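Inside the fold
These are the residues of each chain, in order.
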Amino acid sequence: QGNSSRATTTTAPAIANRAVSILENMELFFNNDDHSEHSVMVRQLPKPNRDTYNVVLRILAKTPGTRDIPQLARHIVERMQYKFEHFQILDLQPNSFHWNCVLLSYQLCDDWQRPILALQLVLEKHEELENSSYIHLLLTCIHNDDTRLGASVAIRLYQKLFETTRLNVPSHFYSHFLHAIRSLDVGS
């Protein structure tokens, strides 16, 4: 049984990298209108659509690894945004699901700064997020090895939420928040 969990850990990044590579190959000639031999061969690949991006992002959200995994996920969502803005492909407009996949990938990331990186993303994209995104950030804080860092990020999120009139957070937000700050001294 020990071997199977180790195999899963080592194959997960390989599967994620393969999924990203396939997506990138599908995107390669996304807007290519030439009729060269190479272009005709590649055109046999379908153009990526919303489902394609969703599947790749779900894979990345479930893949443990280094900071590279969340960065890959973020780049994919940013490419979706670019295609939405520049090519008017409406079904590629990112929404909170896509950003939540990036936040989920931070939960499995082994970078000790992952709560800070996730908070930076939330602060940048807060207008595009839903309440579930804040829960994902708090879960990243809870599962961080450095509980004091996780607690300080949770407090920063709490302060930001209440600075911006976003007061209608779900009740389970508070239970996650309290869980994230449990490591703080009462006298602090």
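All residue numbers refer to positions counted from 1 along the written sequence of the respective chain. This being a predicted model, a pLDDT of at least 70 is required before a residue's local features are given, and a value of 80 or more before pairs of side-chain atoms are given or counted; all residues contribute to the totals for chains, interfaces and linings. Values shown for side chains rest on all heavy atoms present in the structure; no hydrogens or waters enter the calculation.

Here the nonpolar core consists of buried residues drawn from Ala, Val, Leu, Ile, Met, Phe, Trp, Tyr and Cys, with membership extended through side-chain atoms lying within 4.5 Å. Any residue under 20% of the maximum accessible area for its type is buried, any over 50% is exposed, and the rest in between are partly exposed; the area is computed with a 1.4 Å probe on protein chains only. Of all hydrophobic cores here, the largest spans 44 residues; its most connected members are L60, I76, L137, L157 and F173. Those elements that place two or more of their residues in this core are α1 (2–28), α3 (50–61), α4 (68–87), α5 (96–107), α6 (114–125), α7 (131–142), α8 (147–163) and α9 (171–180). Top element by residues in this core is α7. It accounts for 7 residues. Put simply, DSSP H or I for four residues or longer makes a helix, DSSP E for two residues or longer makes a strand, and each gets a number counted from the N terminus.

Our focus in this paragraph is α6. Helix span, as expected, comes to 1.5 Å for every residue beyond the first. With 12 residues, α6 ought to run about 16 Å at 1.5 Å a step, and its terminal C-alpha atoms sit 16 Å apart, in line with that. Taken as a whole, α6 has its buried residues at R114, P115, L117, A118, L119, L121, V122 and K125. Contact criterion: two residues are considered in contact whenever any of their non-hydrogen atoms come within 4.5 Å of each other. Looking at the buried side of α6, the elements it contacts are α4, α5, α7 and α8.

A separate point is the environment of I181. Residue placement: I181 occurs in the segment after α9. Between the C-alpha atoms of I181 and L149, which are 32 residues apart in sequence, the distance is 9.4 Å. With near-sequence residues (within four places) excluded, I181 lies in contact with A151, A154 and I155.

Our next topic: the pattern of salt bridges. Note on definitions: salt bridges are taken to be side-chain nitrogens of Lys or Arg within 4 Å of carboxyl oxygens of Asp or Glu. Under the definition given, this model contains 6 salt bridges. Put simply, K83 and E27 hold a salt bridge, and the shortest N to O gap is 3.1 Å. Separated by 56 residues along the polypeptide, K83 in helix α4 and E27 in helix α1 bring together distant segments of the chain. What makes K83 buried here is its relative accessible area of 7%. In this structure E27 comes out as buried when scored by relative accessible area, which is 11%. A salt bridge links R67 to D111; the nearest nitrogen and oxygen atoms lie 2.4 Å apart.

Lines fitted to C-alpha atoms define the axes here, with helix axes fitted over just the stretch in contact, and angles between the N-to-C directions of these axes take values from 0 to 180 degrees. As a packed pair, α6 and α7 sit with axes 9 Å apart at the nearest point and diverge in direction by 165 degrees. Between α6 and α7, the interaxial angle falls into the category roughly antiparallel. In the crossing of α6 with α7, the sense of the turn from one axis to the other is left-handed. Contact with α6, carried on its side by R114, P115, A118, L119 and V122, involves Y134, L137, T140 and C141 of α7 and no other residues of that element. For this classification, the nonpolar set comprises Ala, Val, Leu, Ile, Met, Phe, Trp, Tyr, Cys and Pro, the charged set comprises Asp, Glu, Lys and Arg, and every other residue, Gly included, is treated as polar. Across the contact of α6 with α7, the residue classes break down as 7 nonpolar, 1 polar and 1 charged. The labels follow the angle: roughly parallel below 35 degrees, roughly antiparallel above 145, roughly perpendicular from 65 to 115, and oblique for the rest. Note on convention: the crossing is left-handed when the near helix lies turned anticlockwise from the far helix by less than a right angle, right-handed when the turn is clockwise.

Taken N-terminus to C-terminus, the directions of α5 and α6 make an angle of 170 degrees; their axes are 9 Å apart at the nearest point. By the angle between their axes, α5 is roughly antiparallel relative to α6. Handedness of the crossing formed by α5 with α6: left-handed. On α6, the residues that touch W99, V102, L103, Y106 and Q107 of α5 are R114, L117, A118, L121, V122 and K125. Its residues assigned to classes, the contact of α5 with α6 comprises 8 nonpolar, 1 polar and 2 charged.

Mean pLDDT over the protein works out to 84, with 82% of the residues at or above the 70 mark. Every residue gets a pLDDT, meaning the predictor's confidence in that residue, from 0 to 100. At the level of individual helices and strands, the protein shows its lowest average pLDDT in helix α2 (residues 37–42), which scores 54, and its highest in α3, which scores 97. Here residues 1–9 is a poorly scored stretch, pLDDT under 50, and it has 0 contacts once near neighbours within four places are set aside; other chains count.

What follows covers the side chain of T63. Within the secondary structure, T63 sits in the loop between α3 and α4. Under the relative-accessibility criterion, T63 is labelled buried at 3%. Counting of polar contacts relies on pairs of N or O atoms within 3.5 Å, with two restrictions inside protein: one atom must be capable of donating a hydrogen and the other of accepting it, and residues adjacent in sequence are counted only when both atoms are side-chain atoms. A polar contact of 2.5 Å, which involves the side chain of T63, links it to the backbone oxygen of I59. Those residues in contact with T63 that lie beyond four places of it in its chain are A12, P13, A16, I69 and L108.

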